[in-house]
Amino acid sequence: MVLLTVTSVAGGAMYWPAGEATGSAGAGGSVAAGVPATVSATAAGDLEPISPALVRRRVEAAGTQAPSSVLGTALRPTALAVPEPRTVVEPIAAARGAASTGLAARFRRYLAGRPGHVSVAMYDAVAGTTAVYTDPAVAGYETASSVKLDILTALVQRAGASGRLTAREQALARRMISVSDNAAASALWADVGGAPAMNAFFARLGMHATTAGPGGKWGLTRTTGADQLAVLRALSYPGTLSAAGRAVVSGLLKTVIPAQRWGLTGGVPAGVRVELKNGWLPRTSGWVITSLAHVRGAGRDYVMAVYTKNGPTMRSGITTVQGLSALAWQAARASAAVG
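So, how was this worked out
Residues numbered from 1 in each chain as written. Predicted model: local features only at pLDDT ≥ 70, side-chain atom pairs only at ≥ 80, totals over all residues. Heavy atoms only, no water. Pairing = 2+ DSSP bridges. Helix = DSSP H or I, 4+ residues; strand = E, 2+ residues; numbered from the N terminus. Contact = heavy atoms within 4.5 Å. Axes fitted to C-alpha atoms, helices over the stretch in contact; angles between N-to-C directions. Parallel < 35°, antiparallel > 145°, perpendicular 65-115°, else oblique. Left-handed = near helix turned anticlockwise from the far one by under 90°. Nonpolar A, V, L, I, M, F, W, Y, C, P; charged D, E, K, R; others polar.

Caption draft 1: Local environment of the sheet that holds strand E6 (residues 129-134). An order of E4-E6-E5-E11-E10-E9 is seen for the six strands of this open sheet, with the pairing classed as mixed. Both outer strands of the open sheet, strand E4 (98-99) and strand E9 (273-283), are each paired with one neighbouring strand and no more. As paired elements, strand E10 (residues 286-297) and strand E11 (residues 300-311) share 10 bridges and run antiparallel to each other. Residue pairing in the sheet places Val295 in a bridge with Tyr302 of E11. The strands touched by helix H10 (residues 314-331) within the sheet are strand E5 (117-124), E9, E10 and E11, with E11 carrying the most contacts at an inclination of about 155°.

Caption draft 2: Representation of the packing of helix H4 (residues 147-158) against helix H5 (residues 167-178) within the structure. The geometry of H4 relative to H5 is characterised by a closest axis approach of 10 Å and an angle of 160° between their N-to-C directions. As far as their axial angle goes, H5 and H4 are roughly antiparallel. By crossing handedness, the relation of H4 to H5 is classed as left-handed. Residues Lys148, Leu149, Ile151, Leu152, Leu155 and Arg158 of H4 pack against Glu169, Ala173, Met176 and Ile177 of H5. In the contact of H4 with H5, the residues fall into seven nonpolar, no polar and three charged.

Pasting the structure below:
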């Protein structure tokens, strides 16, 4: 397999399968118009540079049309065999709390009509319940750029009670979160100690189904929705991080640019705060679309993680996430003060 690495300001680098068109990045299935991008060819096994001429020959052999500027319509994978999804509730610390079988069942019914594979989890802080639905037909779900929130959490935890980042770390963290800058993420991934340190961080949070991407490939970290609830709970509620540390993360999440505020905003009314970090990654088997969020307002307060893979298009994956988001909002319990 051969991949093309596409690097842009809004959305960062993406591993692009050879034989599929290139483009710029963005929300809603297409990448923000006018964003400059550079393209280089890499081999999937070690991501070493290979000849652009070889890539062109393989693209032509695959019968692909000229490159398109619309990312969401560029991917044309062969038909995917999607097995019937099944429900798995993972017995890990991240999913602690009473089970919400009703919402999990609604997730399952909705996903039965959606392409690809999905792992979704939601913790309702008002009701004290957790709903988890995971299709186990695949072993692990790539995080893509959503792992940048994990990197930030590990960085802030390392800072201790003050939660204070150095000026360099703060600048890199802002770029990593606000515009999903990959170079900044790589620098901070190295700063926290790379894969060994991140695996130790995951273990401390009870994330036993999560493994850091090898060789600096942080976007290929494997996880599940239920595992990522541990990170979201650490960021959103007292217990793991100091109040100062949580405030640092919350402040950075407020800077996410509008073009990347899709996914778990779906179905949420205007005026409700949604702090989120998304990820997207085109692969030869289809699209990886991921979304992590803390949603609070109108009496509701919950955290949610969605991981999709093997979807036919970027737009399809975003639609799946937004549909799950709408179900979660409708199911979330409002506090008695709101009614």
